[in-house]
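Structural overview for review
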Amino acid sequence: MRVLHVVTAYPRYPGDPIVPWLTELIRHLRARGVCAEVFASAYRGGGNRDHDGVPVHRFRYMPSRWERLTHEENAADRAGRSPLFALASVGYVAAGIRAIRKLVRRGRYDLIHVHWPVPHALFGIAAQRASGAPIVTTYYGAELRLAARSALLTRLLRAGARQSARNVAISRHTAADLARLTGVEAEVIPYSVAFTPHGRSTTPAGGTFTVLFVGRLVERKGVPVLLEAWARAALPDATLAIVGDGPDRSALEARAAALGIGSTVDFRGRVSDAELGAAYSAADLFVLPAVLDARGDTEGLGVVLLEAMASNVPVLASAAGGITDVVVDGESGSLVPPGDPAALAAALQRLHSDSELRARLAAGGIARVRDEFSWDAIADRWAAVYREAAPGKR
């Protein structure tokens, strides 16, 4: 079976951290007889035409110096801040429709797999009309909250969902959002981690107690709540390591200084894979305090939680978005209400003082990743979706 994946961005070079879960899914599906190709936008005038043996078809949509709508940052965020990138988004849609029509007429695909259907539902529908191939669509959550702010985008989302032979959401939260917006039910298939754990057989003991956060420094990650909770918790001999970068970094560093916790908060920025593995290995606790941001966006799933759990690190997170699909409170981690620094501080204190609880949650977490989020199980489910969407193709 030949499947064309329609995506916003795809790795530009070996080690590029973009969409690791998708590259891993494609790799596992290849072992099940699914030959994948990728349709994505160009980056600064071009980009690689192959990644890990997978053909990548990149389309041009602006002069090269302005082809930065994707890859570096969420396209909706970038378009919302700059008239130039808002214009680029119009060019992106128009050029993408033309390019995918041409591609599917030239090549024969059994299935079109649309990711992020705002705006890629338009690409999928155009490809289907040009080739007759059925569509399956994956929903991650952010595109649904973008669509909810616009009647036009909601209609696009609804049309794409109804045109798809199968609709799949990455979490129950995302599936519920899709049903509310479109009236279309979706199957839930999560993704897992393209990550080699660097964890230990037991959680660390003695010395500095290290709490780790990993993620982009944007509002929905809830780092301001974490800093407020950290100040309240006042844990002795403890360090908060913040791995990641983003537009809110300067404001967060200033906030940490204003709270008087600058000496115990380490903003590390973006790190290499090896450094990230070392950070998980050194952590006593992982925290993801996600919130609902001003646009109504939150965590679709929380892949960093899976990374931490796979590394045998106990996790503490807010009960927001798809996080509750990953963390079972009291079994595979600890959950607190989102946006509540007092509750988060109390949980930090409890987990800091109770090493047996941390060990039990770490064991529960690694078992949950193994039992519920294995790539073999996820790839088997996707292979079944493909067979049902394109009957007679193998």
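Scroll up to find the structure.
Presented here is an overview of the structure given in this document.

Calculation rules
- Residues numbered from 1 in each chain as written.
- Predicted model: local features only at pLDDT ≥ 70, side-chain atom pairs only at ≥ 80, totals over all residues.
- Heavy atoms only, no water.
- Helix = DSSP H or I, 4+ residues; strand = E, 2+ residues; numbered from the N terminus.
- Rg over C-alpha atoms; globule rule 2.2 N^0.38 Å.
- Buried < 20%, exposed > 50% of the residue type's maximum accessible area, 1.4 Å probe, protein only.
- Contact = heavy atoms within 4.5 Å.
- Areas by Shrake-Rupley, 256 points an atom, 1.4 Å probe, with all protein chains shown as cover.
- Lys, Arg positive; Asp, Glu negative; His and termini not counted.
- Charge placed at Lys NZ, Arg CZ, Asp CG, Glu CD.
- Pairing = 2+ DSSP bridges.
- Right-handed = clockwise from strand over helix to strand, strands pointing away.

**A closer look at the overall build of the chain**
Helix and strand counts for the chain come out as 15 helices and 14 strands. Relative to the globule expectation of 21 Å for 394 residues, the C-alpha radius of gyration of the chain, 21 Å, shows essentially globular dimensions. Expressed as a percentage of the 394 residues in the chain, the buried residues total 56%. Here the contacts in the chain between residues at least 6 apart in sequence split such that 69% fall between residues at least 24 apart. About 16,100 Å² of surface is accessible on the chain, with carbon and sulfur atoms providing 52% of the total. Placing the 47 positive and 39 negative side-chain charges of the chain at their respective mean positions leaves the two points 10 Å apart.

**Here we look at the sheet that holds strand β8 (residues 187–188)**
Strand pairs in the sheet, formed through backbone hydrogen bonds, run parallel or antiparallel to each other. Taken together, the 8 strands give an open sheet; going across it, the order is β3-β4-β2-β1-β5-β6-β7-β8, and neighbouring strands pair in mixed fashion. Edge strands, defined here as strands with exactly one partner in the open sheet, are β3 (50–51) and β8. Relative to strand β2 (residues 35–41), strand β1 (residues 2–6) runs parallel, the two being bridged by 5 bridges. Looking at β2, one finds that valine 6 is bridged to phenylalanine 39.

**Re the pairing of strand β6 (residues 135–139)**
Counting buried residues in β6 gives 5 out of 5 residues, a clear majority hidden from the surface. Side chains Ile135, Thr137 and Tyr139 project from β6 onto one buried face, and the interleaved Val136 and Thr138 project onto a second face that is buried too. Looking at chain direction, strand β5 (residues 111–115) and β6 are connected through 4 bridges and run parallel. Following the sheet pairing, histidine 113 is matched in β6 by valine 136. For the crossover that starts at β5, traverses helix α4 (residues 117–131) and ends in the parallel β6, the hand is right-handed. Two elements, β6 and strand β7 (residues 166–169), share 4 bridges in a ladder whose sense is parallel. In the sheet register, tyrosine 139 faces β7, and the bridge partner there is alanine 169.

Remember, this is a structural readout, not a statement about activity or role.
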